[in-house]
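Spelled out from the first residue to the last, the chains are:
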There are 2 protein chains.
Amino acid sequence: MSEVIRLEAIQELLPSLDVVGLMEEAFVAYSEGRSVVPPVGEMIFEDPPGEVHIKYGYIRGGDSYVVKIASGFYDNTKLGLPSSQGLVLLFSQRTGELEAVLLDEGLLTDVRTAAAGAVAAKHLGPERVDCIGVLGAGTQGRLQLEHLRRVTPCRKAKVWSRGTKWVEGYLERFDGSDIEVEVAATAAEVAETCSLIVTTTPSHKPLLTEGHIRPGTHITTVGSDTEEKIELDPTILARADRVVVDSLSQSESRGEVFRAVSSGALSRESVVELGAVIGGRAVGRENDEQVTVCDLTGVAVQDLMIASGVVAASRRAREEAGP
Amino acid sequence: MSEVIRLEAIQELLPSLDVVGLMEEAFVAYSEGRSVVPPVGEMIFEDPPGEVHIKYGYIRGGDSYVVKIASGFYDNTKLGLPSSQGLVLLFSQRTGELEAVLLDEGLLTDVRTAAAGAVAAKHLGPERVDCIGVLGAGTQGRLQLEHLRRVTPCRKAKVWSRGTKWVEGYLERFDGSDIEVEVAATAAEVAETCSLIVTTTPSHKPLLTEGHIRPGTHITTVGSDTEEKIELDPTILARADRVVVDSLSQSESRGEVFRAVSSGALSRESVVELGAVIGGRAVGRENDEQVTVCDLTGVAVQDLMIASGVVAASRRAREEAGP
């Protein structure tokens, strides 16, 4: 019998999951070619403007396949609704039966993206991090910082955002936590003081250029998920000692790597996949002087792993509760 | 708040819907270019063998968009499970919010396909039908006959199936109903005695050829939904006075028309869409001597219309029940 898991239940179950470990597994399976991830389905709406993406896939020999529907309707904020909407579905890979409907309202995408940022930092970040830099003070900027706690002992952060209102909310969120957050006046100030940076904005213009980046810095970018969006000037990727992506095939049409390759600043051949770095089949950071960039556009195996994790946790919780 | 509607509730609500009218609306909207129907998403599984299709779309200016996940895992019968699995999701076209999860286990696809068969018969069938012929005695063969009741006064039917066990179940289903069902020994016998024929088999070889078809016959084919499947010899489509499809674009890659055009027997230019016939923008049957064929491969607007109909009926039922 299929299970319907609502947002509140997902929120309760998530803390029990090793989301960083799940994302490592996802990226390794993906990069080893053990996953089947067809092209993303897309639907565009004009009035009001909106976009829907359907991601689906499975790991060969696994238990389940996943279908995720995620939308962005940007006028929703006028109605007091979150612009991101969606749900995740798990089905049996053996019978096609629906296993679970996860009414996550976009939460699992947010969390798996943040957990992927932690994976990138774990495998590519410099050994010593004095300060974590975050560009963008929205949900993803917050979740990235919360998940980086799991992979670095650093508890100092600097946040920059175009919207001062967002920044206030951000500071409130970490008020009383063990992370000390300061506000940076500019994106450049973040780069000047932080050696581990995450960019989470929907910017259409580069926020950082090569001159801002100090040796030893690692930057993870998660904001640019279309061909128009860009957070890093291509000169940064051109100068980086290592450029890593979650998906080589997706980087051909979206994200920072797409932009840098299109502009001629970066050679596609030099780019490697995160799962290959984790699995030891590609070289990541070699020393603490190198600059590394990891561009994440999100793959369906991440959705599969986190949704499977939630469903397994839900079953365990039910078993423990007894009949 | 999104609503989860389970199979039993859908079964209770369906009889209150004018599914034939809903399908007419769907086909007209589709053929008038008022719908957005991206290419079908597909995922193939090898062990055990299975296939998943994701159909999605919307009608411009409507309330909702639909995503349907439908799978066929053909070893399921060994496990005592239906090979068809799936569900239908409705979302708001204005905010992206999930409106309803319809856990229909494939029922809505079966019903909308049968209702489409009734639409085809209504608009293309001969005026006088002495006997309804059905090839294939599975669920779809049964539903087609049940839905044809709504568009023809004929209450005599002849069924043929490769599996005698299926035929027994079929006869039992109509035992005591107002439809008198006889068994045909061959598919040819069905064509010899029936002027309204529906083919619902997963055949990979033609079941009928041109010599079998009497003047005035209308044939609706719903079985062939891949490029391998075929129920009618291309000579039938070549000889037909009118060949109609639900979707011209889908007929380029699947179904009877695809096969007949590929073999050179049929010219693509002569084929028209069912929605254009209903809307009066294309000519259908002109007299009772003509042979007509309607090849249905299924479009997402049908899923949208039937799912919207069920959700609306569910809301009405709740309102009538009161607070």
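Residues numbered from 1 in each chain as written. Chains lettered and ligands numbered in written order. Predicted model: local features only at pLDDT ≥ 70, side-chain atom pairs only at ≥ 80, totals over all residues. Heavy atoms only, no water.

Thoughts on the overall build of chain A
The number of helices and strands found in chain A is 10 helices and 15 strands. The C-alpha radius of gyration computed for chain A amounts to 19 Å, which stays within 12% of the reference 20 Å derived for 323 residues, consistent with globular compactness. Each principal axis of the C-alpha atoms in chain A carries an extent, and together these give about 60 × 45 × 40 Å. Buried positions account for 60% of the 323 residues belonging to chain A. The contacts of chain A with a sequence gap of at least 6 include a subset with a gap of at least 24, amounting to 69%. (Helix = DSSP H or I, 4+ residues; strand = E, 2+ residues; numbered from the N terminus. Rg over C-alpha atoms; globule rule 2.2 N^0.38 Å. Buried < 20%, exposed > 50% of the residue type's maximum accessible area, 1.4 Å probe, protein only. Contact = heavy atoms within 4.5 Å.)

Examining unusual backbone geometry
Residue and element names in this part refer to chain A. Here the residue pair Asp47 and Pro48 is connected by a cis peptide bond, since its omega of 0° sits within 30 degrees of zero. In this fold, Pro48 is placed in the loop between strand S3 (41-45) and strand S4 (50-59). One non-glycine residue, Glu105, adopts positive backbone phi at about 50°.

Concerning the relation of the copies chain B and chain A
For the pair chain B and chain A, the superposition axis carries a translation of 0.0 Å, the fit reaches an RMSD of 0.0 Å, and the rotation angle comes to 180°. This pairing of chains is accounted for by a two-fold axis. For chain B, the smallest separation between a C-alpha atom and the rotation axis is recorded for Gly41 of chain B, amounting to 3.4 Å. (Least-squares fit on C-alpha atoms with pLDDT ≥ 70 in both.)

Digging into helix H10 (residues 300-321) of chain B
Compared with the 32 Å implied by 1.5 Å per residue over 22 residues, the 32 Å span of H10 of chain B between its first and last C-alpha is a close match. With its phi angle positive at about 80°, Gly322 of chain B sits one or two positions after the end of H10 of chain B. (Expected span 1.5 Å × (residues − 1).)

Topic: the sheet that holds strand S10 (residues 180-183) of chain A
All names here are of chain A. Across the sheet, which stays open at both edges, the eight strands sit in the order S10-S9-S8-S11-S12-S15-S13-S14 with parallel pairing between neighbours. The open sheet has two edge strands with one neighbour each: S10 and strand S14 (272-273). The pairing of strand S9 (residues 156-160) with S10 spans four bridges and is parallel. Considered in S10, the bridge of Ala157 is made with Val181. Strands in contact with helix H8 (residues 255-262) are strand S12 (218-221), strand S13 (242-245) and strand S15 (292-295); relative to S15, the strand with the most contacts, it is inclined by about 115°. (Pairing = 2+ DSSP bridges. Axes fitted to C-alpha atoms, helices over the stretch in contact; angles between N-to-C directions.)

Digging into the packing of aromatic side chains
All told, the structure shown has 10 aromatic pairs over all chains when counted by the stated rule. Between Phe45 of chain A and Phe73 of chain A the ring centres are 5.4 Å apart and the planes differ by 45°, which places this aromatic pair in the tilted class. Remark: Phe73 of chain A occurs in strand S5 (residues 64-73) and Phe45 of chain A occurs in strand S3; sequence separation between them is 28 residues. Where Tyr170 of chain A meets Phe174 of chain A, the ring centres are 5.2 Å apart and the plane angle is 45°; that geometry is what we call tilted. A residue pair is termed a helical-turn pair when its members lie 3 or 4 positions apart in one helix, as Tyr170 of chain A and Phe174 of chain A do in helix H5 (residues 164-174) at four residues. Of the two residues, Tyr170 of chain A and Phe174 of chain A, both sit in the buried class. By way of ring pairs, the aromatic residues Phe45 and Phe73 of chain A together with Tyr58, Tyr65 and Phe91 of chain B are connected into one cluster. (Phe/Tyr/Trp six-rings, centres within 6.5 Å; stacked < 30°, edge-to-face > 60°.)

Topic: the pattern of salt bridges
Using the criterion set out here, one finds 32 salt bridges over all chains in the structure. Put simply, Arg94 of chain A and Asp63 of chain A hold a salt bridge, and the shortest N to O gap is 3.1 Å. Separated by 31 residues along the polypeptide, Arg94 of chain A in the loop between strand S6 (84-92) and strand S7 (98-103) and Asp63 of chain A in the loop between S4 and S5 bring together distant segments of the chain. The residue Glu210 of chain B makes a salt bridge to Arg239 of chain B at a minimum N-O spacing of 3.8 Å. (Salt bridge = Lys/Arg side-chain N within 4 Å of Asp/Glu carboxyl O.)

Considerations on the packing of helix H3 (residues 107-124) of chain A against helix H4 (residues 139-148) of chain A
All names here are of chain A. Contact pair H3 / H4: the axes reach a minimum separation of 8 Å and the direction vectors enclose 45°. With respect to H4, the element H3 is oriented oblique. In this structure, H3 meets H4 at a crossing whose hand is right-handed. Of the residues in H4, those touching H3 at Asp110, Val111, Thr113, Ala114, Ala115, Gly117, Ala118 and Ala121 are Thr139, Gln140, Leu143, Gln144, His147 and Leu148. Residue composition of the contact of H3 with H4, grouped by class: seven nonpolar, six polar and one charged. (Parallel < 35°, antiparallel > 145°, perpendicular 65-115°, else oblique. Left-handed = near helix turned anticlockwise from the far one by under 90°. Nonpolar A, V, L, I, M, F, W, Y, C, P; charged D, E, K, R; others polar.)

With respect to the side chain of Glu256 of chain B
Residues and elements named next belong to chain B. Checked against the element boundaries, Glu256 lands in helix H8 (residues 255-262). Despite its burial, Glu256 pairs with no opposite charge; the closest candidate is Arg259, at 7.3 Å N-O. A polar atom in the side chain of Glu256 sits 3.1 Å from the backbone nitrogen of Leu232. Ignoring anything within four residues of it in the chain, the contact list for Glu256 reads Thr221, Ser224, Ile230, Glu231, Leu232, Leu237 and Asp295. (Lys, Arg positive; Asp, Glu negative; His and termini not counted. Polar contact = N/O pair within 3.5 Å; in protein donor to acceptor, adjacent residues only side chain to side chain.)

Observations concerning the domain arrangement of chain A
Residues and elements named next belong to chain A. Each assigned domain of chain A is listed with its residue range as follows: domain 1 (3-108 + 301-321) and domain 2 (110-300). A separation of 23 Å is found between the C-alpha centroids of domain 1 and domain 2. Across the contact, 26 residues belong to domain 1 and 27 residues belong to domain 2. For the pair domain 1 and domain 2, the number of links is two salt bridges. Close ionic contact of Lys122 with Glu24 constitutes a salt bridge, the shortest N to O distance being 2.8 Å. With eight residues, the top contributor of residues to the side of domain 1 that touches domain 2 is helix H2 (residues 19-31). Residues of the side of domain 1 that touches domain 2, tallied by class, amount to 17 nonpolar, four polar and five charged. (Domains from an automatic or database assignment.)

Considering the interface of chain B and chain A
Accessible area lost during the coming together of the parts is what is often quoted as the interface size. Residue-level contacts link 38 residues of chain B with 37 residues of chain A. Between chain B and chain A, the buried area comes to about 3000 Å², and carbon and sulfur atoms account for 71% of it. Inspection of the region where chain B meets chain A yields zero salt bridges. In this structure, the connection of chain B to chain A is made through four residue pairs in polar contact (both at pLDDT 80 or more). Residue assignment for the side of chain B that touches chain A shows that the elements contributing at least two residues are strand S1 (3-6), strand S3 (41-45), strand S4 (50-59), strand S5 (64-73), strand S6 (84-92) and strand S7 (98-103) of chain B. The class makeup of the residues in the side of chain B that touches chain A is 24 nonpolar, 10 polar and four charged. (Buried area = accessible area lost by both parts, 1.4 Å probe.)

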